[in-house]
Amino acid sequence: LPTLIDIPANGNETLLPLFTKIPKYGFFYYTIPKQDPLVYLVCQADLSNEWLPGRMNIHIGGRFVGNTILDEKQAGQELLINLGSVQDVKIKREKYLDEVSKRMFKGMLDRSNALRKVEIRIVIENLKEQEIQIKILDAIPVSSTDTIQIKDVTMTPEPTLKDWQSQQGVMQWDLNIAAKSVIEIRMQFIVKYPRNCQIAHLNID
């Protein structure tokens, strides 16, 4: 220790600070609305030195908010810390359109097949007084058989990253949202399938 420390001899655990290190860091918001309707604040730090594994206590503005276990990190690795959900960034995901068409559509329909047109909308509202950065993960259905086809996929705005971490159909949007504003993501696609086929396993919702 850099200085002499008085430790009470009362049998209780005493935590002593060895040193203070401030890595290069930043903050962003993160959400997967298909799985969880909450938005989370994340701290991203770039490590210039090795960090040993151990318990990490998290304080925000001098207030203790929780703890976690830190895995060993090598110099140059990225450290991501979940700081919990927030109330001033809202997200809503809903199926805006889901209809079966019986008409000819771009030559895709015949007597044995049906078309199902789906549109999903994600609405993100920033209630904060400043602009935020947010990462949003969502997915379009992927068919594992030739008898079911996903056609005419459109996404507005276009995702920043397609097939996130090599997971087919998973999309990531990296967006900046101005203070007190709302943005919307739209995903549209058409499913072509045999009329007697059940397509629940495509996980359209």
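It should be noted that the structure appears before, not after, this text.
Keep in mind the model is a prediction, meaning the values are calculated, not measured.

Caption draft 1: Expanded view of the overall build of the protein. The secondary structure content of the protein amounts to zero helices and 12 strands. Taken from N to C terminus, the helices and strands of the protein fall in the order β-β-β-β-β-β-β-β-β-β-β-β. Projected onto its principal axes, the C-alpha positions of the protein cover 85 × 35 × 30 Å. Among the 205 residues that make up the protein, the fraction classed as buried is 33%. Total accessible area on the protein is roughly 13,600 Å²; 49% of this is exposed by carbon and sulfur atoms. Across the protein, the 25 positively charged side chains and the 25 negatively charged ones have centroids separated by 9 Å.

Caption draft 2: Representation of the pattern of salt bridges within the structure. This model, assessed by the stated rule, comprises 10 salt bridges. Among the ionic pairs, Lys-128 bridges to Asp-88, the shortest N-O distance being 3.2 Å. On the criterion of sequence distance, the pair formed by Lys-128 in the loop between strand E7 (113–126) and strand E8 (132–139) and Asp-88 in the loop between strand E5 (78–86) and strand E6 (89–101) is long-range, its members being 40 residues apart. Asp-88 gets classed as partly exposed once you look at its relative accessible area, which sits at 27%. A salt bridge links Lys-180 to Glu-129, with the shortest nitrogen-to-oxygen separation between them at 3.5 Å.

Caption draft 3: The nonpolar core, seen in detail. Counting residues in hydrophobic clusters, the biggest one holds 35 residues, and the most contacted among them are Tyr-29, Val-89, Ile-124, Ile-134, Trp-173, Ile-185 and Met-187. Taken together, the elements giving at least two residues each to this core come down to strand E2 (39–46), strand E3 (54–60), E5, E6, E7, E8, strand E11 (170–177) and strand E12 (181–194). Excluding its chain neighbours within four sequence positions, the residues that come into contact with Met-187 are Arg-93, Val-118, Glu-119, Ile-120, Ile-122, Asp-138, Ala-139, Ile-140, Thr-154, Met-155 and Trp-173.

Caption draft 4: Up close: the packing of aromatic side chains. In the structure shown here, the tally under the stated rule is one aromatic pair. A ring pair is formed by Tyr-25 and Phe-27, whose centres lie 5.7 Å apart and whose planes are at 80°; its orientation type is edge-to-face. According to the relative accessible area criterion, Phe-27 is partly exposed, its value standing at 45%. For Arg-121, the ring lying beneath its charged end belongs to Tyr-96, and the centroid distance is 3.3 Å. Positioned above the aromatic ring of Phe-28, the side-chain terminus of Lys-135 is 5.4 Å from the ring centre.

Caption draft 5: A look at the environment of Arg-121. Relative to the elements of secondary structure, Arg-121 occurs in strand E7. Classification of Arg-121 as buried rests on a relative accessible area of 13%. For the pair Arg-121 and Ile-185, spaced 64 residues apart in sequence, the C-alpha to C-alpha distance is 5.6 Å. Filtering out sequence-adjacent residues up to four positions away, Arg-121 remains in contact with Lys-92, Arg-93, Glu-94, Tyr-96, Glu-184, Ile-185 and Arg-186.

Caption draft 6: Quick peek at the environment of Met-56. Locating Met-56 in the fold gives a position in strand E3. According to the relative accessible area criterion, Met-56 is buried, its value standing at 14%. Distance from Met-56 to Leu-16, taken between C-alpha atoms, is 14 Å for residues 40 residues apart in sequence. In contact with Met-56, other than residues within four places in its own chain, are Trp-51, Gly-66, Asn-67, Thr-68, Leu-70, Leu-79 and Ile-81.

Caption draft 7: Spotlight on the sheet that holds strand E1 (residues 24–31). Spatial strand order, E5-E2-E1-E8-E11-E10: six strands in an open sheet with mixed pairing. Unpaired on one side and paired on the other, E5 and strand E10 (161–162) mark the two borders of the sheet. Looking at chain direction, E2 and E5 are connected through seven bridges and run antiparallel. The residue of E5 that forms the bridge with Val-42 is Asn-82.

Caption draft 8: View of a nonpolar patch on the surface. Residues Leu-1, Ile-5, Ile-7, Leu-16, Leu-18 and Phe-19 make up a contiguous nonpolar surface patch of about 620 Å² in total accessible area. Tracing the chain through its elements places Ile-7 in the segment before E1.

The rules behind each value
- Residues numbered from 1 in each chain as written.
- Predicted model: local features only at pLDDT ≥ 70, side-chain atom pairs only at ≥ 80, totals over all residues.
- Heavy atoms only, no water.
- Helix = DSSP H or I, 4+ residues; strand = E, 2+ residues; numbered from the N terminus.
- Buried < 20%, exposed > 50% of the residue type's maximum accessible area, 1.4 Å probe, protein only.
- Areas by Shrake-Rupley, 256 points an atom, 1.4 Å probe, with all protein chains shown as cover.
- Lys, Arg positive; Asp, Glu negative; His and termini not counted.
- Charge placed at Lys NZ, Arg CZ, Asp CG, Glu CD.
- Salt bridge = Lys/Arg side-chain N within 4 Å of Asp/Glu carboxyl O.
- Core = buried A, V, L, I, M, F, W, Y, C linked by side-chain atoms within 4.5 Å.
- Contact = heavy atoms within 4.5 Å.
- Phe/Tyr/Trp six-rings, centres within 6.5 Å; stacked < 30°, edge-to-face > 60°.
- Lys NZ or Arg CZ within 6 Å of the ring centre and 35° of its normal.
- Pairing = 2+ DSSP bridges.
- Patch = residues over 30% accessible without salt bridge, like charges linked within 9 Å, V, L, I, M, F, W, Y side chains within 5 Å.

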